[in-house]
Amino acid sequence: MTDVTGAPADVLHTLFHSDQGGHEQVVLCQDRASGLKAVIAIHSTALGPALGGTRFYPYASEQEAVADALNLARGMSYKNALAGLDHGGGKAVIIGDPEQIKSEELLLAYGRFVASLGGRYVTACDVGTYVADMDVVARECRWTTGRSPENGGAGDSSVLTAFGVFQGMRASAQHLWGDPTLRGRKVGVSGVGKVGHHLVDHLREDGAEVVITDVRAESVRRILDRHPSGVTAVADTETLIRTEGLDIYAPCALGGALDDHTVPVLTARIVCGAANNQLAHPGVEKDLADRGILYAPDYVVNAGGVIQVADELHGFDFDRCKAKATKIFDTTLAIFARAKQDGIPPATAADRIAEQRMAEARRH
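Here is a short report on the structure shown in this document. Remember, predicted model here, so these are calculated numbers, not experimental data.

### Side note on the layout of surface pockets
Moving on, step 1. Roughly 1000 Å³ of volume is contained in the second largest pocket.
Moving on, step 2. Looking at the second largest pocket, it is lined by 34 residues, and the ones nearest its centre are Gln20, Asn71, Arg74, Asn277 and Leu279.
Moving on, step 3. Of all the elements in the fold, those that place two or more residues in the lining of the second largest pocket are β4 (54-57), α2 (62-82), α11 (298-301) and α15 (346-363).
Moving on, step 4. It is α2 that contributes the most residues to the lining of the second largest pocket, 9 residues altogether.
Moving on, step 5. Taken together, the residues that form the lining of the second largest pocket break down as 13 nonpolar, 10 polar and 11 charged.

### Some details on the side chain of aspartate 201
Moving on, step 1. For aspartate 201, the location among the structural elements is in helix α7 (residues 196-205).
Moving on, step 2. Judged by relative accessible area, aspartate 201 falls into the buried class, the value being 16%.
Moving on, step 3. Within polar-contact distance, the side chain of aspartate 201 engages the side chain of arginine 226 at 2.9 Å.
Moving on, step 4. When neighbours within four sequence positions are excluded, aspartate 201 is seen to be in contact with Arg226 and His227.

### Quick look at the pattern of salt bridges
Moving on, step 1. Summed over the entire model, instances satisfying the criterion amount to 19 salt bridges.
Moving on, step 2. Residue aspartate 133 is joined to lysine 102 by a salt bridge in which the shortest nitrogen-to-oxygen separation is 2.7 Å. With aspartate 133 in helix α5 (residues 131-138) and lysine 102 in the loop between α3 (98-101) and α4 (104-115), this residue pair connects regions lying 31 residues apart in the sequence.
Moving on, step 3. The shortest N-O distance in the salt bridge between glutamate 238 and arginine 242 comes to 3.0 Å.
Moving on, step 4. By relative accessible area, which is 31% here, glutamate 238 ends up partly exposed.
Moving on, step 5. One network of salt bridges, with partners in common, ties together Arg55, Asp68, Lys91 and Asp126.

Criteria and thresholds
The residue numbers shown here count from 1 along each chain, following its written sequence. Reporting in this predicted model follows two pLDDT cut-offs: at least 70 for local features of residues, and 80 or more for side-chain atom pairs to be given and counted; totals over whole chains, interfaces and linings ignore these cut-offs and use all residues. For side-chain calculations, the full set of non-hydrogen atoms in the structure is used, while hydrogens and water are omitted. Definitions used for this entry: grid spacing 1 Å over protein atoms alone; cavity, a set of points where a 1.4 Å probe fits but cannot get out; pocket, an open set with protein on both sides within 12 Å along at least 5 of 7 lines; lining residue, one with an atom within 4 Å of a point. Grid points are joined across faces, edges and corners, and a volume is the space filled by probe spheres set on the points. Each helix is a run of H or I in the DSSP string that is no shorter than four residues. Each strand is a run of E no shorter than two, and both are numbered from the N terminus. Each residue is assigned to one of three groups, with Ala, Val, Leu, Ile, Met, Phe, Trp, Tyr, Cys and Pro labelled nonpolar, Asp, Glu, Lys and Arg labelled charged, and all others, Gly among them, labelled polar. Summary of the burial criterion: residues with accessible area below 20% of their type's maximum are buried, those above 50% are exposed, and those between are partly exposed, where the area comes from a 1.4 Å probe applied to protein chains only. Two N or O atoms form a polar contact when they lie within 3.5 Å of each other; inside protein one atom must be a possible hydrogen donor and the other a possible acceptor, and for residues adjacent in sequence the pair counts only when both atoms belong to side chains. In what follows, residue pairs with any heavy atoms lying within 4.5 Å of each other are defined as contacts. One speaks of a salt bridge when a side-chain nitrogen belonging to Lys or Arg is within 4 Å of a carboxyl oxygen belonging to Asp or Glu.

The structure is reproduced here in structure tokens:
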């Protein structure tokens, strides 16, 4: 079913009538010469220009792409608010297989669309886009972050993303066990690519035992070669989440890792990982709480990357960014305290704190 504009009616219903909507602006972009089809979603500019990455992915349908952009943009508003940034939330998705259709012409066309928004949306890397891609986009758009150091950027944001997740893990351990160290704990990491492999380094340095899995055999091999002791690999995530003696589970691949199938069989006491949108649907956070599993909200602990790219707009300083990312420890503890005080799951507590900051900004 479509509405009078020809857009899928359920997408417009989400945008204008559901709790998941409330977005300020959604832009559909097309450049037939290069094959570009993209969606830019701006959820909020209450705290400042919307900031969020560009995902390049072979969606099954345009409708699915729009829905993903809406969800991701909303998540960025909350992430940026809790990271203490003066940015609202936005996200873009480019529809298609980056291995097949990504080209300089397509990225330049995309850059022109972002530039046409006049700074309301600031873009960066995400799944399927990299520093080299942002360097191309930046040729047409000055509101581009995640660029290479040679082009005035900060380079790979996965370094501080992993560092922030590690701080969230330390806070989770502090809250649950009264000690922020992970020494002697068994941590399962699903996805050891961009962010996951840095996280394993932090965990091993802190003395944790690590169990890993990844759909790419070469990613697993790289970790095992780098850490010949203290790290083991299992066949898949299904095996990982059922591993006996697992203290912490870190989903670091794509979203939806926590659902009606995985939560009942999790052996870990803590879930804290880098993946976005880990809760497959509303209510999963309560299922985790009912099982006594402490959930560190994903958009809180994985904010190190957005802290880094936001800093590019002011002249990148790694030490300044790392200091901000270190505060993820305190923010995570504050969320757990609010959850306990209000008798709600941590994900709900995080949302309330973020919504409060955005509401206060709108009043000023």
